[in-house]
Each structure stands twice: as structure tokens, then as C-alpha cells.
Amino acid sequence: MIANLAQLAAEEKQNPLLPAGPELLVGTIAFAIVFFFFWKKLLPNINKVLEERRAAIEGGIEEADAMKVEAQSVLEQYKAQLAEARHEAARLRQEAQEQGAALIAEMRAEGQRQREEIVAAGHTQIEADRKAAAGALRQDVGKLATDLAGKLVGESLEDHARQSRVIDRFLDDLEEKAEATR
């Protein structure tokens, strides 16, 4: 059989690039049927799928753009809120510093007032103690002076009014001498 085909091929000296007429006609009809089937059935489905994909991609792009705009808006709001919060924190910090300074000044003034009260009370107490000590000292000095004068004179100087006058005069003289030396 191969030999027959080879013999037929050798007898026909036909161009290998050009098919035979009936083969060309059958090939063209088969191509037209397949082309018509693709054009009527497959091409609309392919176009439909491509259109759906294009719409989905465009919708996705539009949705992404909308989300980007929304995200930008949210970011701007966040930045504005953050700036406002920072401003509020700075204001609160400033108020706290001012209140702290006012409280410190108030506490210093109160401390100064209490110190002055304590010093004044101390001076009053010292003055009272000095007067009490001076009174006690006058009595003791007077008693000693009276006893000494009584021993020198040889008689008792028990008259209380006279004692007080003598003692007062003696102490007044001492105070005048002390002030004159200052």
C-alpha cells in the first residue's frame, strides 16, 4: 500500500504547496463551518465574559478610588483630631503649670504669714517672760538690797512701801546708767 501511494505520488507531479482542487473546496467549507460556529456561539460568550471582566475591573478601580478618597478624608480627620488633642494637651499642661505656680505662691504666702505669726507670738512671749523675769529680779534684788541695807544701818527696813520706793529708785538709776553707756 505504501508502495502504491509512493507510486501515485511519483506519477503526479503536483506542487506540494498547492492542495488539490477537491481538497481545497472541502477544507474551505470545513473552515467556514467552524468559523461560523465560533462567530455565532463562542464569540458572543467570549465578548460577554470579557465585558464582565472589564466592568468588574473598572468597578474595582472606581471602588478603590472611592475608598482612597474616603481613607484620605479619614486621615485628614485623624490629623485634625490629633492636632486638636495636642493643642488641648498643651493648654491643659499650661493651665496645670499656672495652677501649680499659683498654689506654690499661695502656700508660700501662707507659710510666710504663719512664720510671721510664730515670730510675733515668740516676741510677745519673750517680752512677757522678760517682764516676768524683770519683776522677779526686782523683788529678789529689792529683798537682798533691803536685807543688806538693814544689816548696814543696823535696823530693819521692813516697811514695804518704803522698800518699794527705794528699790524702784535704785533700779531706775541702774537703767539710766545702762542706757547712757549704750
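Residues numbered from 1 in each chain as written. Predicted model: local features only at pLDDT ≥ 70, side-chain atom pairs only at ≥ 80, totals over all residues. Heavy atoms only, no water.

(A) Representation of the overall build of the protein in the model. Each helix and strand counted, the protein has three helices and zero strands in total. Going from N to C terminus, the protein has its helices and strands arranged as α-α-α. For the protein, buried positions account for 3% of its 182 residues. Within the structure as shown, the protein displays about 16,300 Å² of accessible surface, and the carbon and sulfur contribution to it stands at 63%. (Helix = DSSP H or I, 4+ residues; strand = E, 2+ residues; numbered from the N terminus. Buried < 20%, exposed > 50% of the residue type's maximum accessible area, 1.4 Å probe, protein only. Areas by Shrake-Rupley, 256 points an atom, 1.4 Å probe, with all protein chains shown as cover.)

(B) Quick peek at a nonpolar patch on the surface. Nonpolar side chains collect at one region of the surface, where V34, F37, F38, L42, I46 and L50 lie side by side and expose about 550 Å² of accessible area between them. Examined against the element boundaries, F38 turns out to sit in helix α2 (residues 21-153). On the basis of relative accessibility, which here comes to 43%, the residue F38 falls in the partly exposed class. (Patch = residues over 30% accessible without salt bridge, like charges linked within 9 Å, V, L, I, M, F, W, Y side chains within 5 Å. Salt bridge = Lys/Arg side-chain N within 4 Å of Asp/Glu carboxyl O.)

(C) Looking closely at the pattern of salt bridges. Summed over all chains, the structure comprises seven salt bridges. For the salt bridge of E95 with R91, the shortest nitrogen-to-oxygen distance reads 2.3 Å. Taken as a pair, E95 and R91 lie in helix α2 at a separation of four residues, close to a single helical turn. What makes E95 partly exposed here is its relative accessible area of 32%.

(D) Representation of the confidence of the model for the protein. Here the protein shows a mean pLDDT of 82. Residues at 70 or above account for 81%. For the protein, the element scoring lowest by mean pLDDT is helix α1 (residues 2-11), at 58; α2 scores highest, at 88. (pLDDT = per-residue confidence, 0-100.)

(E) Up close: the packing of aromatic side chains. Tallied over the entire structure, the rule returns three aromatic pairs. Consider the rings of F31 and F35, whose centres lie 6.2 Å apart with planes at 20°: the pair is stacked. Here F31 and its partner F35 are both found in helix α2, four residues apart, which amounts to about one turn of the helix. Taking relative accessible area as the criterion, F31 reaches 59% and is therefore assigned exposed. Their ring planes at 55° and their centres at 6.4 Å tell us that F36 and W39 sit as a pair that is tilted. Of this pair, F36 and W39 both sit in helix α2, three residues apart, which is roughly one turn of the helix. Its relative accessible area of 48% is what places F36 among the partly exposed residues. (Phe/Tyr/Trp six-rings, centres within 6.5 Å; stacked < 30°, edge-to-face > 60°.)

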